[in-house]
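Structural features, examined
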Amino acid sequence: MCGIIGIASNKSVTPNIIQSLKKLEYRGYDSAGIATIESGNLDEKKCPGRVEDLEKILLKRPSQGFIGIGHVRWATHGIPNQVNAHPHSSDEVSVVHNGIIENSNELKKDLEKKGYKFKSQTDTEVITFLLTDFLKDFDLVIAINKTLKALNGSFALGILFKKYNDIVVGARRGSPLAVGYGPNENYLGSDSYALKSMTKKITYLDDGDVCVLTNNKIDFYNSKNKKINKEVLILSDDKHTAEKGDYKDFMSKEISEQNITSKNCVKEYVDHLRKDINLYNFPIKPKDIQKIILIGCGTAYHSCITAKYWFEELTNIQIDIDVASEFRYRKIKFNKKNLYVFVSQSGETADTFAALDICKKNKVKTCSIVNVVESSIARSSDFVLPIHAGPEIGVASTKAFIGQLLVLYILALKISDIRKEILKPDYEKKINDLKKLPDLIKKTLNYCHNNTPIIAKDFLKAKGAMFIGRGISFPIALEGALKLKELSYLHAEGYPAGEMKHGPLALIEEGLPVVILAPRDRYFEKTISNMQEVIARGGKVILITNENSKIISENVRFTLEIPITNENLTPLLMTVPLQLLAYHVAALKNCDIDKPRNLAKSVTVE
Ligand code: M6R
């Protein structure tokens, strides 16, 4: 998953390409590159590292062309080095690519036989040489479509041509791509977020589309080389900002915004006057739903697991949960009475999108819960429930998790009410509790602000860590472990507390940090027993429970007491100390908080 940008202008494109690449770094940040047309020739500059490193090269050797493409990479084929960085150019063509070409090895062999010499280990270079080859015998659009037909896999492409030196070409299959319309210039980008500062007028490409941009016009073609018309959309003004402000990094900003995220979300869906939830135009009658299938990846998948507990408690509907990368390849028995719910912050995750696509092909009802409302997943699903979290830039998902949990909970509540599976007073009480949630999150943030850095020190010398909980605390334990591993590179496992004796207890040794999630719920006593088993084997226990739980055990190293709320909302509060703990461990280890190694924010490859 990489980020691509292209600009055709009547002035130097380098400054805008660099600014856009900085916005696209959430898609990949192991190398960066730019190609422009300089005095009729293709000029490529690229390096391993960040966009900042590319800027340093451009300071010494400026690019001044009016036509250009840029790229930020998340390596799939070949290590992140200078040669593998994009663009990949021949004398005739320069290409930036997001996606994976699955038949690149076979194509490479054929091209080598024709005399093409490959420099990189990437799958992208075959596109450069295929285009170069077809251009010898065919006109532009035909050569492009012939190239695309030869490719298996997914791609969004930005292409420059020496021979056609006033255009940027874009093409997509499977990976997202948008164009933007500006005054005296036009843009190509992986998403509208990268284009937003330059234009509000955009068009999304569909699979099989090719676009040709000059500085004053954009033409679209289909795979049969025929010109087509596309809809122009006007992007809404974003009330949220994507600036760090006074925060050290985006993650600390995003964690501390969670009371606001929850406030926005509750405001959007809950009508406190009528004590009701607003959900209009739901695509399927809640009374007719036979089964709900919740699908996501990573943190979004953890919100699906959490929601299963809510749906099962509040409704009689059967609930399945699935990791998108598994769902998409299993033999699923689709049913028109089922509702398929896709959860994704970015709305661009390739596996989640593919799973949604399969559902659409099987003509079943789909709903998406997303942060980015202009995303591919939002645009493709029958019904969208935005989480209203504003831009989440840190790779570790934090406020989006809170938003996803809230929307899923609100959905479960509403469906339960419509199906008359919850009593009115209980429904209204739960709505009332939602109103109080933002303040409780704020209180939890303030409380954990000072003590989590101290607890984090205990993790520095640890070989790993465990997070355990029962019931709805189990998915939160999984999320705590994911946050710790992705930010601090410390091995971490999340487990249902009751499972410990079936194997994982063997991992407990003197000094191993074990985070026990034991809110005052129906599982409390049992979880505390599991905690004692950990203590008896030398584990260093960090207990997270509710205020006034009155657990006194001299062998508990730290106890964090979060506010009391209704049991359904406790997981949202439990999440806060886990996020802060992971944050502070990573900070003490000097890890790159917003851009952990080997990862990217938006996972647009399989
Ligand atoms: O954009 P999505 O919510 O679809 O992303 C899914 C996962 O890639 C994402 O949640 C990932 O696990 C995060 N880095 C976790 O913090």
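Since the structure is predicted, the reported quantities are computational estimates derived from the model, not experimental observations.

1. Re the site of the ligand
Taken together, 15 residues surround the ligand, and among them Ser344, Gln345, Ser346, Thr349 and Glu486 come closest. Threonine 299 is positioned such that a nitrogen or oxygen atom in its backbone is 3.1 Å from an oxygen atom of the ligand. Lysine 483 has a polar side-chain atom sitting 3.0 Å from an oxygen atom of the ligand. Relative to its unbound accessible surface of 410 Å², the ligand loses 91% to contact with the protein. Counted by class, the shell around the ligand contains six nonpolar, seven polar and two charged residues.

2. Comments concerning the environment of isoleucine 295
Inspection of the secondary structure puts isoleucine 295 in strand β18 (residues 291-296). With near-sequence residues (within four places) excluded, isoleucine 295 lies in contact with Cys304, Asp322, Ala324, Phe327, Val341, Phe342, Val343, Thr352 and Ala355.

3. Re the nonpolar core
Counting residues in each nonpolar core, the largest one holds 87 residues, and the members touching the most others are Ile292, Trp310 and Phe459. Both domains that furnish three or more residues to this core are identified here as domain 2 (243-422) and domain 3 (445-593). Listed in part, the 29 residues of the second largest apolar core include Leu107, Tyr116, Leu151 and Val212.

4. Section: helix α8 (residues 258-269)
Residue pairs spaced three or four apart in an α-helix point in one direction, given the helix's 3.6 residues per turn. Its 12 residues place the ends of α8 17 Å apart at the C-alpha level, agreeing with the 16 Å of an ideal helix rising 1.5 Å per residue. When α8 is considered as a whole, its buried residues turn out to be Gln258, Asn259, Thr261, Ser262, Cys265, Val266 and Tyr269. The buried residues of α8 occupy one face: seen down the axis, they fall within an arc of 160°. Opposite its buried face, α8 presents the exposed residues Lys263 and Lys267, each directed more than 90 degrees away.

5. A look at the environment of isoleucine 18
Looking at the secondary structure, you find isoleucine 18 in helix α1 (residues 14-24). Each C-alpha atom, one on isoleucine 18 and one on aspartate 521, is 51 Å from the other, the two residues being 503 residues apart in sequence. Not counting chain neighbours up to four residues away, the residues in contact with isoleucine 18 comprise Val51, Leu54, Glu55 and Leu58.

6. Here we look at the sheet that holds β18
Here we have five strands laid out as an open sheet, ordered β19-β18-β20-β21-β22, and parallel in their pairing. Every other strand in the sheet has two partners, leaving β19 (318-323) and β22 (383-386) as the edge strands with one partner each. For this sheet, the mean angle separating the axes of adjacent strands, direction not counted, is 20°. The pairing of β18 with β19 spans six bridges and is parallel. Among the inter-strand pairings, glycine 296 is bridged to a residue of β19, identified as valine 323. Relative to the sheet, helix α11 (residues 350-361) contacts β18, β20 (338-344) and β21 (365-370), its axis offset from that of β20 by approximately 160°. Of the strands in this sheet, β18, β20, β21 and β22 are in contact with helix α13 (residues 399-418), which crosses β20 at around 160°.

7. Examining the domain arrangement of the protein
Along its sequence, the protein is carved into domain 1 (3-234), domain 2 (243-422) and domain 3 (445-593). If you average the C-alpha positions of domain 1 and of domain 3, the two centres end up 45 Å apart.

8. Some remarks on the pattern of salt bridges
All told, the structure shown has 39 salt bridges when counted by the stated rule. Among the ionic pairs, lysine 11 bridges to glutamate 185, the shortest N-O distance being 3.3 Å. Here lysine 11, found in the loop between β1 (3-8) and α1, pairs with glutamate 185, found in the loop between β9 (178-181) and β10 (186-189); they are 174 residues apart in sequence, far enough to count as distant. On the basis of relative accessible area, lysine 11 is assigned to the partly exposed category, the value being 43%. Here aspartate 219 and lysine 227 are joined by a salt bridge, their closest N and O atoms 3.5 Å apart. What makes aspartate 219 buried here is its relative accessible area of 15%. By relative accessible area, which is 53% here, lysine 227 ends up exposed. When salt bridges that share partners are traced, they join Asp271, Arg274, Asp276 and Lys414 into one network.

9. Some words on unusual backbone geometry
Backbone torsion omega between histidine 86 and proline 87 reads 5°, so that peptide bond is classified as cis. Looking at where proline 87 falls in the secondary structure, it is placed in the loop between β4 (67-73) and β5 (88-89). Even without a glycine there, the phi angle at lysine 275 is positive, about 50°. With respect to the helices, strands and loops of the structure, lysine 275 is situated in the loop between β16 (270-271) and β17 (276-277). Take lysine 275: its relative accessible area is 40%, and that puts it in the partly exposed class. Phi is positive for histidine 388, which is not a glycine, with a value near 55°. Mapping histidine 388 onto the fold places it in the loop between β22 and α13.

How each quantity is defined
Residues numbered from 1 in each chain as written. Predicted model: local features only at pLDDT ≥ 70, side-chain atom pairs only at ≥ 80, totals over all residues. Heavy atoms only, no water. Near = heavy atom within 4 Å. Polar contact = N/O pair within 3.5 Å; in protein donor to acceptor, adjacent residues only side chain to side chain. Areas by Shrake-Rupley, 256 points an atom, 1.4 Å probe, with all protein chains shown as cover. Nonpolar A, V, L, I, M, F, W, Y, C, P; charged D, E, K, R; others polar. Helix = DSSP H or I, 4+ residues; strand = E, 2+ residues; numbered from the N terminus. Contact = heavy atoms within 4.5 Å. Core = buried A, V, L, I, M, F, W, Y, C linked by side-chain atoms within 4.5 Å. Buried < 20%, exposed > 50% of the residue type's maximum accessible area, 1.4 Å probe, protein only. Domains from an automatic or database assignment. Expected span 1.5 Å × (residues − 1). Arc of directions from axis to C-beta. Pairing = 2+ DSSP bridges. Axes fitted to C-alpha atoms, helices over the stretch in contact; angles between N-to-C directions. Salt bridge = Lys/Arg side-chain N within 4 Å of Asp/Glu carboxyl O.

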